[in-house]
Structure formats: structure tokens, C-alpha cells
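Chains, contacts and geometry: an overview
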Amino acid sequence: MMTTRLPPGQVALEGFPRFGAHAGGRPPRVPEHPAIAVTGDPVSPFSVPLSDLAGLPRREVTADLHCVSGWSAIDLSWEGVGFDDFYRGVIEPALNPGTAPTHLVFGGLDGFRSIVCLDDALAGTVLLAERLDGAPLGGDHGAPVRLVSPDQYGFVSVKHLSLIEVHESEPAGVYHHVQRIQMVLRLVRPHRRARVWQEERHRYLPSWLTGPVYRALVVGRHPAIRPHLPRD
Ligand SMILES: Nc1nc2c(c(=O)[nH]1)N[C@H]1C(S)=C(S)[C@@H](COP(=O)(O)O)O[C@H]1N2
Ligand SMILES: [Mo]
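Now for a look at the structure at hand. One numbering rule holds for all chains: residues counted from 1, following each sequence as written. Labels are handed out in written order, letters beginning with A for the chains and numbers beginning with 1 for the ligands. Only residues with pLDDT of 70 or above have their local features reported here, since the model is predicted, and side-chain atom pairs are shown and tallied only from 80 upward, although totals for entire chains, interfaces and linings are computed over all residues. Hydrogen atoms and water are omitted, and side-chain values are computed over all heavy atoms in the structure.

Note on conventions: DSSP H or I runs of at least 4 residues are helices, E runs of at least 2 residues are strands, and numbering of each starts at the N terminus. Per the secondary structure count, the protein chain includes 4 helices and 11 strands. For each residue, the accessible area found with a 1.4 Å probe, counting protein chains only, is set against the maximum for its type, and the residue is called buried under 20%, exposed over 50%, and partly exposed in between. Within the protein chain, the fraction of its 232 residues that count as buried is 48%. Counting only contacts in the protein chain whose residues sit at least 6 apart along the sequence, the fraction spanning at least 24 positions is 67%. Summed over all atoms, the accessible surface of the protein chain reaches about 11400 Å², with 56% contributed by carbon and sulfur. Should any heavy atoms of two residues lie within 4.5 Å, those residues are counted as being in contact. Under the convention used here, a 1.4 Å probe and the Shrake-Rupley method define accessible areas, while residue burial counts only the protein chains that appear.

Okay, structure coming up:
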């Protein structure tokens with residue numbers, strides 16, 4: 001029998017729904033030659049073709065994905081390149097001398113953005129994932145490549161990754177191109193660290209307040225899914 005321990009306030013789902021903040025929109029079109037653009041003050045902007053990832057060591061991570069709204073998908077097998085290897089091998093050598101990055105902004109082809117502390121991004125479990133459960137990532141789960149940060153809430157794990165901004169302090173502002181989502185994000189501003197085991201969901205709102213609201217909204221949006229209680 002499978003045993004799972006879930007972080008506080010999470011409920012496991014059967015399968016792996018598309019949790020994203022895209023509210024039913026279609027996955028973005030993948031360019032013919034996908035690449036990750038690296039920008040920000042500490043670097044001269046450059047672009048990394050995804051084909052370059054083949055030159056870095058492969059890594060597999062089996063992990064659960066925890067949406068901040070309280071749902072978890074369990075036992076996902078990701079495969080790709082360790083983000084620490086990518087950072088040390090590709091970004092660090094391109095830093096201007098004397099710069100000291102502290103934060104990264106990850107961006108997706110659909111305009112989704114997430115701000116992450118560099119130390120959290122360099123945790124050994126963070127992956128640039130190209131494969132899920134033995135197959136290339138599909139559009140629903142972030143083709144052609146996504147970030148996977150298993151110890152942080154799902155909003156950190158940017159799908160369709162196409163941009164990494166390097167910053168020397170925490171960037172201000174809320175990162176989303178859709179105005180409606182911007183307003184919601186401002187209210188429920190993500191926690192700086194977003195660690196699931198510490199239940200760091202939001203910066204200002206406590207989980208006891210957001211939990212029931214999320215449950216109501218997400219249950220409504222995923223009617224076909226039968227949640228079950230976490231098994232210890
Ligand atoms: N590009 C992009 N990445 C994203 C999102 C999104 O809407 N767009 N949603 C985030 C959120 S809130 C969660 S919980 C996870 C969900 O991953 P899934 O859609 O593969 O289930 O993706 C994250 N990454
Ligand atoms: Mo989420």
C-alpha cells in the first residue's frame with residue numbers, strides 16, 4: 001500500500017489535474033526553437049536554447065505537488081536538469097563581476113511569474129523538468145520545460161519556463177499580465193519562502209482564513225475529482 005505524508009492543510013487528489021492560475025485557458029504555443037531568456041541587472045541578457053540542457057547531468061525527482069489552494073498531486077516522477085547545476089553551469093559564469101544575486105523571477109510563455117529566493121531555488125530538489133512519469137511534458141503540465149520545486153507551493157513551479165530574471169534584492173510588484181489575476185494576487189500575495197511544510201501560503205493572510213475559501217472555489221472548479229484523506 002502506498003503511504004503518503006502530506007504537509008499541513010493539504011488534501012490528496014486522484015491523478016494530476018492542471019492546477020494552474022490560467023482558469024481554463026489553453027496552454028501557450030511552444031515556439032519552434034524554445035529557449036530560456038536570462039535577464040536582470042547582474043547579467044548581460046542572453047538566451048539558452050533548450051537543446052543546451054542536454055549537455056547537463058540528468059536528474060530524477062519523485063515528489064508531490066502542492067497547490068496553495070490545498071490540493072496535492074502525489075507521487076509524480078519528474079526528470080530533467082537540476083536547477084542548481086543549471087545555475088552554477090550557465091547563469092553564474094555569466095554574472096557581472098562583483099554582483100551578488102539574492103532573488104530570481106521565473107516566467108512562463110503564458111506570462112505567469114514567480115519570485116523565488118536564490119537559496120530556495122538552489123535546493124537540490126529543484127528541477128528544470130522536461131519529462132513527467134516517463135513522457136515529455138504535455139501542454140497541461142508545462143511543455144516544453146517547467147520548474148519543479150517540491151518543497152514550495154505550486155505557484156513557484158513555473159510551467160512553460162521561458163524567462164529567468166536575476167535580481168540583487170527582492171523585486172517589487174506582482175507578476176502577472178492578466179489584470180484580474182493581478183488584483184487577486186495583490187490581496188493574496190504569496191509568502192516569500194512558500195515552504196509547504198511550514199505552511200507559508202501567503203504573506204499577509206493566515207491559512208485559517210484562506211483555507212475554507214479555497215476549498216469552496218477549487219472544489220467547484222474540479223467537480224470530477226474525488227479527494228481522499230491523506231494516508232499516513
Ligand atoms: N506558466 C504557468 N506556470 C504555473 C501556473 C500557471 O498558471 N502558469 N500555475 C502555477 C500553480 S498556481 C500551480 S499549483 C502549478 C500547477 O501545476 P499543474 O498545472 O501542472 O497542475 O503550476 C504553477 N505554475
Ligand atoms: Mo496553485
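On to the site of ligand 1, then. Taken together, 19 residues lie around ligand 1, and Pro17, Asp110, His141, Arg146 and Lys159 are the ones closest in. N or O atoms closer than or at 3.5 Å make up a polar contact, with two conditions inside protein: a donor-capable atom paired with an acceptor-capable one, and, for residues adjacent in sequence, both atoms drawn from side chains. Between ligand 1 and the protein, one listed contact pairs a nitrogen atom with a backbone N or O atom of Ser157 at 3.0 Å. In isolation ligand 1 has 530 Å² of accessible area, and contact with the protein removes 97% of it. Under the scheme applied here, ten amino acids are nonpolar (Ala, Val, Leu, Ile, Met, Phe, Trp, Tyr, Cys and Pro), four are charged (Asp, Glu, Lys and Arg), and all others, including Gly, are polar. Class assignment for the residues of the shell around ligand 1 results in 8 nonpolar, 6 polar and 5 charged. Residues are counted as near a molecule or strand when any one of their heavy atoms sits within 4 Å of it.

Considered for burial, the residues of helix H1 (residues 83-91) that qualify are Phe83, Asp84, Phe86, Tyr87 and Ile91. Along the long axis of H1, the arc covered by the buried residues comes to 160°, so they all point the same way. Read the arc as the range of directions from the helix axis to the C-beta atoms.

Within the largest apolar cluster, 36 residues are counted, with the highest numbers of intra-cluster contacts made by Phe83, Phe86, Leu104, Phe106 and Ile164. Elements represented by at least two residues in this core include exactly strand S2 (35-39), H1, strand S6 (103-108), helix H2 (118-121) and strand S11 (161-167). When residues in this core are grouped by element, the largest group, 4 residues, is from H1. If sequence neighbours within four positions are ignored, Ile164 has contacts with Ile36, Ala37, Val38, Thr39, Phe83, Phe86, Ile91, Leu104, Val105 and Phe106. Take the buried residues of types Ala, Val, Leu, Ile, Met, Phe, Trp, Tyr and Cys, join any two whose side-chain atoms come within 4.5 Å, and each joined set is a nonpolar core. Leu65, Ala73, Leu132 and Val148 belong to the second largest nonpolar core, which has 18 residues in total.

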